[in-house]
Amino acid sequence: MYTRREIGPQELEAQDVYCEKIKQAIASRPHYAMVDTYGCQQNESDSEILRGWLAQCGYLPTDDPARADVIAVNTCAVREHAELRVLGNVGSLAHARERNPELIVCVGGCMAQQERMKNRLRDSFRMVDLVFGPHEVWQFPELLWQVIERHGRRGNKSRVIAAAPSDGVVAEGLPRRWDSEVKAWLSIMNGCDNFCTYCIVPYVRGRERSRRPADILAEARELAAAGYKDITLLGQNVNSYGKGLGEDKMDFPDLLRAISDIPGDFRLRFMTSHPKDATEKLFRAMAESEKCAHQLHLPVQCGSDRILKAMNRHYDRAAYLEKVAMAREYMPDLVLTTDIIVGFPGETEADFRETLDIVEQVRYDAMFTFIYSPRAGTPAAEMDDPVPRAEKQVWFDQLLAVANRISEEKHAAYVGRTFRVLVDGETGAEPYNLSSRTAGGRLVHLRGDPSLIGRFADAKITSSTTWALYGELV
């Protein structure tokens, strides 16, 4: 049975003690740590916490595995390709271990939370010293200390396998090292209650649990005061935020308004929204909140009602299109993106044609498209899947062609118009040496001085491609 467990101050103070123990143990020389991240924005947010813990333990950051004394790999389990890539890269760390026998290799994240993968890491990847799941990120110093202590006491590496079904954990006050000085992730909840038949997330990240509004608002104020210009609220389904909070309950549209009211010059975004929980109240809040970007990621996954039911998505085609129309009525300038899975078990060409049709109707600004990847432990993995991969690839290529055509047409409509953009980095290429984003998240390449990074500017769009816009500073 699901239970919510909030990590108390004493438990976090104990982690500080382990940080001090590690700091003393590595004090003889500078030690370096690297965090390698795969997967979604929630994983990126977890990696920022891992970097925060490692810094508190006395490690200096590095992106060079040859220099690292600790390498933490934060994994993804959503698709088979991601797992294979991670396993290949983890396996290659055997060479790093040969060069540095004292190297500590940690594998965390969603992939490590699965029993079959935890066993594989234990049995086949002997260079891995620590395996931990998303629920153990809050106690990472303790787990790392166990590896260090056992190694010192026994004279050889003693492995720690910590990924356990500890569903329901909510921890506040964790250290964090942000990847950017311009953009920040702000996690508002974790886990998922939807159990889409193709998705492993509820099994590895657990059931939904929301952070308390006061804690989220306090963190948002800190980010705004620190000068962050682009804040993205994260959750597997942000639209169901507030479950299980009791007297502290606040729904997502109200939270959106409260954060938007915080003083400061910043944009507010969020992801991901489940269509079944996207409401008129949300669209109204987006339209009326000054800082909220008119950008919505609303995964449709498929255009066929038959397949949507098999996916356990809890909406049909007509309901989805009604919500898209409502959102655009409130925000005529809405930038709308989506996810689509091609070749779900039992999908026919007629079902796929319905997906093409809904894409033509909605005309998404961008799409994230995937060929179905079976995940062991999900209901869909047990379904009959008679369509060969080659045929699914043909469908996928057709969908990609339509998506690219629509994106190119939409981008062409930007040319000649001026937008307020946030300059967020360098491209490393000339003559357009700066990257920036519109409020709708569209990529704009600019020419300008790097001192503009972290600032808003007006840019006139001069040309476009399928993938990006090009402009000049006004």
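Up top is the structure these notes are about.
We now turn to the structure provided with this report. Counting starts from 1 at the beginning of each chain's written sequence and moves along it residue by residue. Totals for whole chains, interfaces and linings use every residue, but because this is a predicted model, local features are given only for residues with pLDDT of at least 70 and side-chain atom pairs only at 80 or more, for both listing and counting. The side-chain values count all of the structure's non-hydrogen atoms but skip hydrogen atoms and water molecules.

Our next topic: the sheet that holds strand 20 (residues 456-464). With mixed pairing, the five strands of this closed barrel are ordered in space as 17-18-19-21-20. Taking each pair of neighbouring strands and ignoring which way they run, the sheet shows an average axis angle of 50 degrees. Relative to strand 21 (residues 469-473), strand 20 runs antiparallel, the two being bridged by five bridges. Of the residues in strand 21, the one forming a bridge with Ser 464 is Leu 469. Here, a strand pair is defined by DSSP locating no fewer than two bridges between the strands. Secondary structure is summarised from DSSP: a helix means a run of H or I of at least four residues, a strand means a run of E of at least two, and numbering begins at the N terminus for each. The convention used is that axes are lines fitted to C-alpha atoms, helices contributing only their stretch in contact, and that angles between N-to-C directions extend from 0 to 180 degrees.

With that out of the way, let us pick up helix 5 (residues 115-124). Regarding helix 5, the residues found buried are Met 117, Lys 118 and Leu 121. Seen along its axis, helix 5 keeps its buried residues to an arc of 105 degrees; they face one direction. For every residue, the accessible area obtained with a 1.4 Å probe (protein chains only) is divided by the maximum for its type, and the residue is called buried under 20%, exposed over 50%, and partly exposed between those limits. To obtain the arc, one takes the directions from the helix axis to the C-beta atoms.

Turning next to the pattern of salt bridges. Here, a salt bridge means any side-chain nitrogen of Lys or Arg that lies within 4 Å of a carboxyl oxygen of Asp or Glu. With the rule as written, the count across this model stands at 34 salt bridges. Lys 118 is the partner of Glu 115 in a salt bridge, and the nearest nitrogen-oxygen pair spans 3.1 Å. Of the two residues, Glu 115 and Lys 118 are both situated in helix 5; the distance of three residues between them amounts to about one turn of the helix. With relative accessibility at 11%, the residue Lys 118 sits in the buried group. Measuring nitrogen to oxygen at the nearest pair gives 2.3 Å for the salt bridge that ties Arg 317 to Asp 357. In this pair, Arg 317 sits in helix 12 (residues 317-330) while Asp 357 sits in helix 13 (residues 349-362), placing the two residues 40 residues apart along the sequence. Note on Arg 317: relative accessible area 14%, which makes it buried.

Here the term cavity refers to a set of points on a 1 Å grid, laid over the protein atoms alone, in which a 1.4 Å probe fits but cannot get out; the term pocket refers to an open set having protein on both sides within 12 Å along at least five of seven lines, with lining residues being those that place an atom within 4 Å of a point. Grid points are joined across faces, edges and corners, and a volume is the space filled by probe spheres set on the points. Using the criterion set out here, one finds one cavity of 30 Å³ or more in the structure. Of the pockets and cavities examined, the largest cavity occupies roughly 30 Å³. Lining the largest cavity are Pro 65, Ala 66, Ala 68, Ala 96, Arg 99, Asn 100 and Leu 103. Side-chain classes are defined by residue name, with Ala, Val, Leu, Ile, Met, Phe, Trp, Tyr, Cys and Pro counting as nonpolar, Asp, Glu, Lys and Arg as charged, and the others, Gly among them, as polar. The residue makeup of the lining of the largest cavity, split by class, is five nonpolar, one polar and one charged.

Counting residues in hydrophobic clusters, the biggest one holds 68 residues, and the most contacted among them are Leu 233, Phe 252, Ile 259, Phe 270 and Met 286. The element that contributes the greatest number of residues to this core is helix 14 (residues 389-412), accounting for six residues. Residue contacts follow a heavy-atom distance rule, with two residues in contact if any of their heavy atoms lie within 4.5 Å. With residues near it in sequence (within four places) discarded, Phe 252 still touches Ile 188, Leu 233, Val 238, Asn 239, Tyr 241, Phe 270 and Leu 282. Nonpolar cores were defined as sets of buried Ala, Val, Leu, Ile, Met, Phe, Trp, Tyr and Cys residues, with membership established by side-chain atoms within 4.5 Å. Counting residues in each nonpolar core, the second largest holds 27 residues, with Tyr 38, Leu 87, Ala 112 and Val 131 among its members.

The residue Gln 301 is located in the loop between strand 14 (295-297) and helix 11 (305-310) in this model. Definition of a polar contact: a pair of N or O atoms within 3.5 Å, with one able to donate and the other able to accept a hydrogen when the atoms are protein atoms, and with sequence-neighbouring residues admitted only if both atoms are side-chain atoms. At 3.3 Å, the side chain of Gln 301 and the side chain of Tyr 198 are in polar contact. Non-local contacts of Gln 301, meaning those with residues more than four positions away in its chain, are made with Tyr 198, Met 311, Arg 313, Tyr 315, Asp 339, Ile 340 and Ile 341.

What follows deals with the packing of aromatic side chains. For Phe, Tyr and Trp, where Trp contributes only its six-membered ring, two rings pair if their centres lie within 6.5 Å, and the inter-plane angle classes them as stacked under 30 degrees, edge-to-face over 60, or tilted in between. Enumeration according to the criterion identifies ten aromatic pairs in this entry. Ring geometry for Phe 252 against Phe 270: centres 5.1 Å apart, planes inclined by 75 degrees, an arrangement best described as edge-to-face. A residue pair is termed long-range when its members are at least 10 positions apart, and Phe 252 in helix 9 (residues 252-260) and Phe 270 in strand 13 (residues 267-271) qualify at 18 residues. One aromatic cluster is present, built from ring pairs that chain together Tyr 198, Phe 344 and Tyr 372. The criterion for a charge sitting over a ring is simple: Lys NZ or Arg CZ within 6 Å of the ring centre, and within 35 degrees of the ring normal. Positioned above the aromatic ring of Tyr 32, the side-chain terminus of Arg 67 is 4.0 Å from the ring centre. When the ring centre of Phe 456 is taken as reference, the NZ or CZ atom of Arg 420 above it lies at 3.9 Å.

In short, geometric facts, not functional conclusions.
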